[in-house]
Amino acid sequence: MYDAPNRLRLSTDALTGNWRALAAMSGRAACGAAVKADGYGLGAREVATRLIAAGCRDLFVATWAEAAVVAGLGARVSVLHGVRDDDVSLIGVPDVRPVLNTPAQVARWRAAGEGRACDVMVDTGMNRLGVAPRDVAAGLLDGLTIDTLMSHLACADEPDSAMNARQCAAFAALADRTAAARMSLANSAGIALGADYAFDLTRPGLAVYGGVPVPALATMLRPVVTIEAEVLQRRVVPAGETVGYNATWRAPRDTAVAIVNLGYADGYWRGFSDRGCAFAGDTALPVIGRVSMDLIALDVSKAEVGEGDWVALDPDLPRASAASGMSQYELLTGLGTRFARVWG
Ligand SMILES: *Cc1c(COP(=O)(O)O)cnc(C)c1O
């Protein structure tokens, strides 16, 4: 069997532990999970199977193609981008329903949905997707079978933003204006805003995968994914010589350097150049020089790391985000396709 020179080590315990913690914080509200973008890069089907086993019954994806990957596993699937003309042929998969976002989507669902349940997104100020509250008041949704009425917070990761309370109030005002069985507002950061934001169903994504959207959640979340990669060569770079493209790093003294099977084509972005960090056991191994497409260099002066050994990249997403300048979301969803994926 072919063994890839790099892998993602994925923790079922961390994934389900994070989800359970978010479910507990959601209080009486049910807790779903966003598994769009291939489960934030970790593998939607593998993630969904584990979350469903832990008790999750509501999954959120962006498109009908993503819905097909997680349909039939034991949870309801909501397609956040709604239903386009090109999606109509896909309607009818049990337990998959669109989140209607526009009057045209509402009309399309009335024509093609055959009375099936749908969800509806209402725009309470983000101005991204969703129907207008005034259209809801004017009867846009009358007669639809709505499972979940939802809205999305623009600034949930800024707990002090006045926009949170404004959106929450605008959403709460719709409570008796539709036939929706449930209401849902909070993403990961929204859960941390408190019980008023939980309504009937929460929709965390990032935090399920170990991302930390607000410091208040830091202590209860654990990293789910660790990148591990194999060393291709160990060399000593003489004092004064440089490493990598554009010679950005110069050896201050003779330095032991490991060249490792990982690069920006794997989603280990160029922002980690001279800033990222790997570990051999507890020993930190700084990334030196530019990240290449398929390779990085590590200063291994403090570790006995040689050809054929494996190192682990720092799995702490807030730290990796600060180092690279990428958001935690980008670090997860950018993970490449060359990794072996090993669930433990
Ligand atoms: C992506 C998404 C979520 C999950 O957001 P996180 O910030 O990852 O928790 C919830 N709701 C909607 C509508 C989304 O698009």
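Residues numbered from 1 in each chain as written. Predicted model: local features only at pLDDT ≥ 70, side-chain atom pairs only at ≥ 80, totals over all residues. Heavy atoms only, no water.

1. Considering the overall build of the chain
Counting its secondary structure elements, the chain contains ten helices and 19 strands. Taken along its principal axes, the extent of the C-alpha atoms in the chain is 75 × 45 × 35 Å. When the 344 residues of the chain are sorted by exposure, 51% land in the buried category. Within the chain, contacts between residues at least 6 apart in sequence are counted, and of these 63% link residues at least 24 apart. A gap of 1 Å separates the mean positions of the 32 positive and 37 negative side-chain charges of the chain. (Helix = DSSP H or I, 4+ residues; strand = E, 2+ residues; numbered from the N terminus. Buried < 20%, exposed > 50% of the residue type's maximum accessible area, 1.4 Å probe, protein only. Contact = heavy atoms within 4.5 Å. Lys, Arg positive; Asp, Glu negative; His and termini not counted. Charge placed at Lys NZ, Arg CZ, Asp CG, Glu CD.)

2. Notes on the pairing of strand 16 (residues 283-288)
Relative to strand 16, strand 15 (residues 277-280) is paired through four bridges, and the arrangement is antiparallel. Paired with Cys277 across the strands is Pro286, a residue of strand 16. Hairpin connection, strand 15 to strand 16: the antiparallel pair is bridged by two residues, and Gly281 has positive phi, about 60°. As defined by bridge partners, strand 16 adjoins strand 17 (residues 296-299) across two bridges and the pair is classed as antiparallel. Residue pairing in the sheet places Ile288 in a bridge with Ala297 of strand 17. (Pairing = 2+ DSSP bridges.)

3. Regarding the side chain of Ser188
Summarising the element assignment, Ser188 is placed in helix 8 (residues 188-191). Separated by 3.4 Å, the side chain of Ser188 and the backbone nitrogen of Leu206 make a polar contact. If we skip the residues at most four places from it in the chain, Ser188 touches Arg203, Pro204, Gly205, Leu206, Ala207, Pro213 and Leu217. (Polar contact = N/O pair within 3.5 Å; in protein donor to acceptor, adjacent residues only side chain to side chain.)

4. A few points about the site of the ligand
Around the ligand, the surrounding shell holds 14 residues, and the nearest of these are Lys36, Tyr40, Ser188, Leu206 and Tyr329. Between the ligand and His152, the relevant distance is 3.5 Å, taken from a nitrogen atom to a side-chain nitrogen or oxygen of the residue. In the environment of the ligand, an oxygen atom lies 3.1 Å from a nitrogen or oxygen atom belonging to the side chain of Asn187. A per-class count over the shell around the ligand returns seven nonpolar, four polar and three charged. (Near = heavy atom within 4 Å. Nonpolar A, V, L, I, M, F, W, Y, C, P; charged D, E, K, R; others polar.)

5. Here's the deal with helix 3 (residues 44-54)
All of the buried residues in helix 3 are Ala44, Val47, Ala48, Leu51, Ile52 and Ala54. The buried residues of helix 3 all sit within an arc of 155° when viewed along its axis, so they share a single face. If you follow the buried residues of helix 3, they end up packed against helix 1 (12-25), strand 3 (33-34), helix 2 (36-40), strand 4 (58-61), helix 4 (64-70) and strand 19 (340-343). Just beyond helix 3, the residue with positive phi is Gly55, at close to 120°. (Arc of directions from axis to C-beta.)

6. Some thoughts on the domain arrangement of the chain
Quite often, the size of an interface is put as the accessible area lost when its parts meet. Partitioning the chain into domains gives domain 1 (32-209) and domain 2 (225-343). Contact with domain 1, which involves ten residues of that partner, is made by nine residues of domain 2. Buried area between domain 1 and domain 2, summed over both chains or domains, comes out near 940 Å², and the portion from carbon and sulfur atoms is 69%. Among the residues of domain 1 in contact with domain 2, Tyr40, Leu42 and Leu206 are the three that bury the most area, contributing 54% of the side total. Along the contact surface separating domain 1 from domain 2 lie two residue pairs in polar contact (both at pLDDT 80 or more). Ranked by the residues each element gives to the side of domain 1 that touches domain 2, the list is headed by helix 3, at three residues. Of the residues assigned to the side of domain 1 that touches domain 2, the class counts are six nonpolar, two polar and two charged. (Domains from an automatic or database assignment. Buried area = accessible area lost by both parts, 1.4 Å probe.)

7. Comments concerning the pairing of strand 18 (residues 310-313)
On a regular strand, each side chain points to the face opposite its neighbour's, so the side chains alternate between the two faces of the sheet. The two faces of strand 18 differ: Val311 and Leu313 on one face are buried, but Trp310 and Ala312 on the other face are not. Sheet topology places strand 11 (residues 225-237) next to strand 18; three bridges connect them, and they run antiparallel. Note on strand 18: the bridge partner recorded for Ala229 is Val311. As paired elements, strand 15 and strand 18 share two bridges and run antiparallel to each other. The partner of Ala278 across the bridge, within strand 18, is Leu313.

8. Side note on the packing of aromatic side chains
Inspection of every chain in the model, using the stated rule, returns four aromatic pairs. Plain terms: the ring middles of Tyr268 and Phe272 are 4.1 Å apart, the flat faces sit at 10° to each other, and that makes the pair stacked. Assigned by exposure class, Tyr268 and Phe272 land together as buried. In textbook terms, an aromatic cluster arises when at least three aromatic residues are bridged by ring pairs, as seen for Tyr40, Tyr209 and Tyr329. Sitting over the ring of Trp310, Arg7 keeps its end group 3.7 Å from the ring centre. Across the ring face of Trp343, the terminal group of Arg50 is positioned such that the distance to the ring centre comes to 4.2 Å. (Phe/Tyr/Trp six-rings, centres within 6.5 Å; stacked < 30°, edge-to-face > 60°. Lys NZ or Arg CZ within 6 Å of the ring centre and 35° of its normal.)

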